[in-house]
Amino acid sequence: MGIEYPKIIQGGMGVAISNWHLARTVSMLGQLGVVSGVALEILLVRRLQDGDIGGHIRRALEKFPFREMARRTVEKYYIPGGKADDKPYAAVPMHKQVASKKLHELCILGNFVEVFLAREGHDRPVGINYLEKIQMPHLPSAYGAMLAGAAYVVMGAGIPTQIPGVLDGLSHHEAVSYKLNVVGAQPGDDTFARFDPRDFMEGDHPPLVRPRFLPIIASNVLAVTMLRRSTGKINGFVIEGPTAGGHNAPPRGQLQINEGGEPIYGEKDVVDLEKIRELGLPFWVAGGCASADKLREVLEAGGNGIQVGTAFALCNDSGMADEYRRALLQEAVAGTARVITDRLASPTGFPFKVAQLEGSLSQEDVYLSRTRVCDLGYLREVYRKDDGKMGYRCASEPIKTFLAKGGKESDTIGRKCICNSLVANAGHPQIQKGGAVEKPLLTSGDDLAEIARFIPEGQTSYTARDVIDKLLA
Ligand SMILES: Cc1cc2nc3c(=O)[nH]c(=O)nc-3n(C[C@H](O)[C@H](O)[C@H](O)COP(=O)(O)O)c2cc1C
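Residues numbered from 1 in each chain as written. Predicted model: local features only at pLDDT ≥ 70, side-chain atom pairs only at ≥ 80, totals over all residues. Heavy atoms only, no water.

So, about the overall build of the chain. Scanning the chain for helices and strands turns up 16 helices and 15 strands. What you see for the chain is a C-alpha radius of gyration of 21 Å, in line with the 23 Å of a compact globule of 473 residues. In terms of its C-alpha atoms, the chain occupies a principal-axis envelope of roughly 55 × 55 × 50 Å. Residues classed as buried in the chain amount to 55% of the 473 residues present. Contacts in the chain between residues at least 24 apart in sequence constitute 69% of all its contacts with a sequence separation of at least 6. On the chain, roughly 20200 Å² of surface is accessible, and the fraction owed to carbon and sulfur atoms is 50%. Taking the average place of the 55 positive charges on the side chains of the chain and the average place of its 55 negative ones, the gap between the two points comes to 4 Å. (Helix = DSSP H or I, 4+ residues; strand = E, 2+ residues; numbered from the N terminus. Rg over C-alpha atoms; globule rule 2.2 N^0.38 Å. Buried < 20%, exposed > 50% of the residue type's maximum accessible area, 1.4 Å probe, protein only. Contact = heavy atoms within 4.5 Å. Areas by Shrake-Rupley, 256 points an atom, 1.4 Å probe, with all protein chains shown as cover. Lys, Arg positive; Asp, Glu negative; His and termini not counted. Charge placed at Lys NZ, Arg CZ, Asp CG, Glu CD.)

Next comes the structure, spelled out in structure tokens:
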């Protein structure tokens, strides 16, 4: 029996834009729903502190195999009726090379919950998306997702050659390790993050399904590198172009920018699909592909289908907070929507697509009025300190702190706190000292400008079903 592959992958969209509800809806419609795996430990805590509306989180945790771990987490964070609006959410420790057991527990549980809920009530596959740039949470996160039966791991923003072997090991509850990218590391330094499921298991557990692994790539070279250097099996590719939402791969070759400061992509950035086809693995094409014509074109080129983000991010089933989703839709309908490829905003240094929206960090005055604080730390870079120990810094943290850690002032210009704003996009903004509420920063693909094509006549919004129907028409 051949494997049945989806024609449409609903792309992973962090933070919680592709939440369990969107992914579940898409999978139940016969395509592949993918939950975002980013910052699920933060969301777990914040959803519980918001009173666990609908009881979904506690329902999922009741099915978690290690009962004590689930029990103490609910006991610690759940607030019946939700926290007061002006109270901050509980702080969660930031990731480090050697993280606290408590943080790893939250990662396992957060990932379990999201995949469990996306899989609830049907037997179609569901995937999870991670970013290689955010390496430190990988091991406990993947384990939690696998405990809930994730069928696919889809991963971009870097070169994730170590993941296949990790998935193999975790499927047998084996101890695994992950070599972190450490700036200034010297031979002999221990740069590994480590994770042993046995430190968390409460009794024996049967082996887990090893998810299929689909790296997201933006060049033919990277596809070949992934195949040559990976620690285990790769099951296919997502080929993503520079019009896609979220982070984009930087242009290849010498950087050129347009008058608006956006990176210019050229011929070198076009992936040769014929060469990808020759590699013999399934593949999906992403970035401005949300049309029946484009799907047909990819199928004719020997691909398996398309991965779509923006169209799903703006639909009623997405996890984007309603007020931002509606505002962006209105801009699109009015023909005034604008998306900028911002090469400074993300502390990762990768270009990041920013949808321009009043009141969000895309506006210079809103950005400048925010007091810099780094309390989530997902995009912190690991660096070697003079004493040989690991340090952590982010170009969006308070500038003085960043400089004291050896960071360069020029790297701080235009950098935004993507961590806090992306959690705000999903409707769970932190309240900082002094009462400042974290502001959103919306990301979207260039497709935003044309997104009104999915709105059925006589309506003002559309659903995931509308998207799928139109793409398969
Ligand atoms: C709101 C939003 C958030 C995204 N976040 C991620 C992410 O966390 N990880 C990732 O691999 N891709 C992310 N993407 C990219 C999508 O998964 C998808 O590949 C891309 O949007 C496809 O292009 P399209 O937007 O033109 O359909 C994001 C896209 C959007 C619109």
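Read on for the rest.
Turning our attention to the sheet that holds strand S6 (residues 182-183). Reading across from one edge, S6-S14-S15 is the order of the 3 strands in this open sheet, with mixed pairing throughout. Only two strands of the sheet have a single neighbouring strand rather than two, namely S6 and strand S15 (390-393). Sheet analysis places S6 next to strand S14 (residues 381-384), joined by 2 bridges and oriented parallel. Its bridge partner being in S14, Val 182 is matched across the sheet by Val 382. (Pairing = 2+ DSSP bridges.)

Our next topic: unusual backbone geometry. Cis geometry marks the peptide bond from Gly 14 to Val 15; its omega dihedral reads -10°. In the Ramachandran plot, Asp 52 falls in the positive-phi region, its phi being about 50° despite a non-glycine side chain. With respect to the element layout, Asp 52 can be found in the loop between helix H2 (40-49) and helix H3 (56-62). Residue Ala 157 is not a glycine yet carries a positive backbone phi of 55°.

The next point concerns the site of the ligand. Taken together, 20 residues lie near the ligand, and Glu 240, Gly 288, Gln 307, Gly 309 and Thr 310 sit nearest. The separation between an oxygen atom of the ligand and a polar main-chain atom of Gly 14 is 3.1 Å. Between the ligand and Asn 129 there is a distance of 2.8 Å, counted from a nitrogen atom to a side-chain nitrogen or oxygen. The protein chains hide 95% of the 610 Å² of surface that the ligand would expose on its own. Of all elements in the fold, only strand S3 (126-131) and strand S11 (305-308) reach the threshold of two or more residues within the shell around the ligand. A breakdown of the residues in the shell around the ligand according to their chemical character gives 6 nonpolar, 13 polar and 1 charged. (Near = heavy atom within 4 Å. Polar contact = N/O pair within 3.5 Å; in protein donor to acceptor, adjacent residues only side chain to side chain. Nonpolar A, V, L, I, M, F, W, Y, C, P; charged D, E, K, R; others polar.)

Within the secondary structure, Gly 319 is located in the loop between helix H11 (310-313) and helix H12 (322-334). You can call Gly 319 buried: its relative accessible area is 13%. Between the alpha carbons of Gly 319 and Ala 16 there is a distance of 5.7 Å; along the sequence they are 303 residues apart. Gly 319 has contacts with Ala 16, Ile 17, Asn 19, Asn 425 and Ala 426, leaving out every residue within four places of it along the chain.

Moving on: the state of the cysteines. Across all of its chains, the model carries 0 disulfides by this definition. Counting only cysteine sulfurs, Cys 419 is the nearest neighbor of Cys 107, a cysteine outside any disulfide, at a range of 13 Å. Given the relative accessible area of 0%, Cys 107 is considered buried. This cysteine, Cys 289, is not joined by any disulfide, and Cys 315 carries the nearest cysteine sulfur, 18 Å off. (Disulfide = S-S within 2.5 Å.)

For the pair helix H5 (residues 101-119) and helix H6 (residues 138-147), the least separation of the axes is 7 Å and the interaxial angle reads 35°. Like other packed secondary-structure pairs, H5 and H6 cross with a definite hand, here right-handed. Touching His 104, Cys 107, Ile 108, Asn 111, Phe 112 and Val 115 of H5 are Pro 140, Ser 141, Tyr 143, Gly 144, Ala 145 and Leu 147, all from H6. Its residues assigned to classes, the contact of H5 with H6 comprises 8 nonpolar, 4 polar and no charged. (Axes fitted to C-alpha atoms, helices over the stretch in contact; angles between N-to-C directions. Left-handed = near helix turned anticlockwise from the far one by under 90°.)

Reported here for the second largest pocket is a volume of approximately 620 Å³. Taken together, 28 residues form the lining of the second largest pocket, with Lys 133, Gln 135, Asn 181, Thr 348 and Glu 381 sitting closest to its centre. Residue composition of the lining of the second largest pocket, grouped by class: 14 nonpolar, 6 polar and 8 charged. (1 Å grid on protein atoms, 1.4 Å probe; cavity = no way out; pocket = protein on both sides within 12 Å on 5 of 7 lines; lining within 4 Å. Points joined across faces, edges and corners; volume = space filled by probe spheres on them.)

Turning our eyes to something else, we now look at the pattern of salt bridges. By the definition in use, this model includes 20 salt bridges. Taking the shortest distance from any N to any O, the salt bridge between Glu 105 and Arg 72 comes out at 2.5 Å. With Glu 105 in helix H5 and Arg 72 in helix H4 (residues 67-77), this pair connects stretches of sequence that are 33 residues apart. Asp 168 serves as the salt-bridge partner of Arg 210, at 2.8 Å between the closest nitrogen and oxygen. With Arg 210 in the loop between strand S7 (192-195) and strand S8 (212-217) and Asp 168 in helix H7 (residues 163-171), this residue pair connects regions lying 42 residues apart in the sequence. The exposure class assigned to Asp 168 is partly exposed, which follows from its relative accessible area of 31%. Three or more residues are tied together by salt bridges with common partners; here these are Glu 68, Arg 71 and Glu 75. (Salt bridge = Lys/Arg side-chain N within 4 Å of Asp/Glu carboxyl O.)

Note that all results are geometric; they support no functional claim without further evidence.
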